[in-house]
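Chain by chain, the residues:
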Amino acid sequence: MTPFRLRVPQAQIDDLNDRLFRTRLPDRTPGPHWAFGTDPDWLADLIGYWRDGFDWRAQEAALNAFDQLMVPLHGIDMHVIRAEGRGPAPRPLLLLHGWPGSVFEFLDILPMLTDPARFGGSAEDAFTLIVPSLPGFALSFTPGQRRFSAAEMADVFADLMTALGFDRFGVQGGDWGAFTGAALALRHPGRVEGLHLNYLPLRPEPSAFEQEETAYALIQGTKPQTLAYALNDSPAGLTAWIGEKFHRWTDHDGDPFTAVSRDRMLANIALYWFTGAIGSSFWPYFARLHGDWPVPDGAQVTVPMGHAVFPREIRRPGREAASRMFTDIRHWTEMKKGGHFAAMEQPVALARDVGGFFSELR
């Protein structure tokens with residue numbers, strides 16, 4: 001294991017700015033804004049801010065405020081934030097992001113979980129957080145490395161926690177973090193004290209979302225290499241692809257920056273850009289379409305489980321459906337506001353729910 005600090009070479013930042021200056025946007029499809037994908041005016045404004053107003057070094061410094069490691073496991077170097085808890089007996093918690101997210105999702109919530117007393121909570125609810133970049137995502141990527149399905153990631157994380165000295169631990173995740181967390185609880189139930197999710201990794205039922213909003217998953221799951229050429233070469237294309245998900249999947253009344261700040265959204269997108277990891281981040285979709293569901297049909301997760309239901313989550317199966325996969329649901333909270341990127345949109349509410357669930361297990 002080696003300590004790590006992120007420092008993008010200035011030459012890469014200069015190259016990015018040059019590409020942003022030379023952006024060539026398509027025309028607007030006649031019709032309502034956002035009806036056919038990312039709105040050109042919105043994208044042009046965001047690219048202009050990225051070029052002229054965004055401070056990457058400030059976001060870099062925000063990440064580097066936390067202790068980070070590079071851990072060699074399963075043939076790759078995995079990037080990990082380790083944030084020590086402040087309390088009488090902090091509990092180890094593995095915190096897992098999804099796509100198109102990164103560890104930048106968690107920068108606001110980390111202090112709330114490690115030092116809850118500072119935010120009006122109890123020091124007894126403090127966690128020591130292990131926050132990896134998923135294998136193949138951002139800082140856990142180098143060109144040509146092997147790819148991992150969600151289930152394979154679960155075994156990597158079990159070994160990661162062993163390497164860091166934790167025999168038992170909690171898990172929290174959304175999106176691919178929920179799939180991987182559920183697979184981890186299924187495959188290593190004796191290691192997982194409790195599983196808290198803000199997304200349910202169940203097979204989807206037919207719905208309007210499946211018909212209108214899943215083309216991204218199909219192309220990422222069938223032709224990931226082809227898509228990667230465009231997004232790895234054009235920061236405007238990358239911003240359009242990821243930015244649309246923030247617009248569609250967050251809880252807002254027309255302006256996604258009321259749900260997630262411009263700077264944090266761009267930090268997340270920029271991390272994909274600087275690491276060149278967008279293509280490898282597609283792999284879990286390919287693995288899911290061409291292999292078993294991460295929690296195979298009929299398998300049941302028996303560890304204690306808690307779920308925070310955010311109203312603008314992209315899928316919201318009910319408790320009865322969840323109970324067919326999770327046999328020991330201890331905690332179920334209907335949130336008042338928030339969407340798919342819960343840790344970015346509603347960090348206080350999510351932190352309180354995570355703390356509440358694990359305090360119930362004490």
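Residues numbered from 1 in each chain as written. Predicted model: local features only at pLDDT ≥ 70, side-chain atom pairs only at ≥ 80, totals over all residues. Heavy atoms only, no water.

Caption draft 1: Main features of the overall build of the chain. In terms of helices and strands, the chain carries 16 helices and nine strands. Computed over its C-alpha atoms, the radius of gyration of the chain comes to 20 Å, within 12% of the 21 Å expected for a compact globule of 362 residues. Counting only C-alpha atoms, the chain reaches 55 × 45 × 40 Å along its principal axes. Residues classed as buried in the chain amount to 58% of the 362 residues present. For the chain, the proportion of contacts with a sequence separation of at least 24, taken over those separated by at least 6, is 79%. (Helix = DSSP H or I, 4+ residues; strand = E, 2+ residues; numbered from the N terminus. Rg over C-alpha atoms; globule rule 2.2 N^0.38 Å. Buried < 20%, exposed > 50% of the residue type's maximum accessible area, 1.4 Å probe, protein only. Contact = heavy atoms within 4.5 Å.)

Caption draft 2: Here's a closer look at the pairing of strand S8 (residues 305-309). For S8, the tally of buried residues reaches five of five residues, placing the bulk of the element in the interior. Of the two faces of S8, the one lined by Met305, His307 and Val309 and the one lined by Gly306 and Ala308 are each fully buried. Here three bridges tie strand S7 (residues 192-197) to S8, and the two strands are oriented parallel to one another. Pairing of Leu197 across the sheet is with His307, part of S8. Sheet analysis places S8 next to strand S9 (residues 329-334), joined by five bridges and oriented parallel. Directly across from Ala308, in S9, lies its bridge partner Thr333. (Pairing = 2+ DSSP bridges.)

Caption draft 3: Structural context of helix H9 (residues 224-233). Residues Pro224, Leu227, Ala228 and Leu231 constitute the buried set of H9. One side of H9 carries all its buried residues, which in axial view fall inside an arc of 105°. Residues of H9 that are exposed and angled more than 90 degrees away from the buried face: Thr226 and Tyr229. Where H9 is buried, its residues meet helix H8 (215-222), helix H10 (235-249), helix H11 (262-275), helix H12 (278-281) and helix H13 (283-289). (Arc of directions from axis to C-beta.)

Caption draft 4: Structural view of the pattern of salt bridges. Applying the stated criterion across every chain yields a total of 24 salt bridges. Between Arg19 and Asp15 there is a salt bridge, with its nearest N and O atoms 2.9 Å apart. With Arg19 and Asp15 both in helix H1 (residues 10-21) and four residues apart, this pair spans about one turn of that helix. On the accessibility criterion, Arg19 (25% relative accessible area) is partly exposed. Where salt bridges share partners, they join Arg7, Arg57 and Glu60 into one cluster. (Salt bridge = Lys/Arg side-chain N within 4 Å of Asp/Glu carboxyl O.)

Caption draft 5: Representation of the sheet that holds strand S5 (residues 127-132) within the structure. The strand order across the open sheet formed by nine strands is S1-S2-S3-S5-S4-S6-S7-S8-S9, and the pairing between neighbours is mixed. Taken across any chain shown, the strands that pair with only one partner, and hence form the sheet edges, are strand S1 (2-3) and S9. By the bridge criterion, four bridges tie strand S4 (residues 91-96) to S5 in an arrangement that is parallel. Of the residues in S5, the one forming a bridge with Leu93 is Leu129. Of the strands in this sheet, S4, S5, strand S6 (169-173), S7, S8 and S9 are in contact with helix H16 (residues 347-360), which crosses S7 at around 150°. (Axes fitted to C-alpha atoms, helices over the stretch in contact; angles between N-to-C directions.)

Caption draft 6: Structural context of the nonpolar core. In this structure, Trp56 and Phe326 are the most contacted members of the largest nonpolar core, which totals 124 residues. The element best represented in this core is H11, accounting for nine residues. Beyond its immediate chain neighbours, meaning those up to four positions away, Trp56 contacts Leu6, Val8, Ile13, Phe104, Ala267, Ala270, Leu271 and Phe274. (Core = buried A, V, L, I, M, F, W, Y, C linked by side-chain atoms within 4.5 Å.)

Caption draft 7: Layout of the packing of aromatic side chains. Within the structure shown, the criterion is met by 18 aromatic pairs. Look at Trp176 and Tyr285: their rings are 5.1 Å apart centre to centre, the planes differ by 85°, and that puts the pair in the edge-to-face class. Here Trp176 is found in helix H6 (residues 176-187), whereas its partner Tyr285 is found in helix H13, with 109 residues between them in sequence. Tyr285 shares its class with Trp176; the two are buried. Ring geometry for Trp249 versus Phe341: centroids 6.3 Å apart, planes at 25°, classification stacked. Placement of the pair is Trp249 in helix H10 and Phe341 in the loop between S9 and helix H15 (342-345), with a sequence separation of 92 residues. Across this residue pair, the class does not change: Trp249 and Phe341 are buried. (Phe/Tyr/Trp six-rings, centres within 6.5 Å; stacked < 30°, edge-to-face > 60°.)

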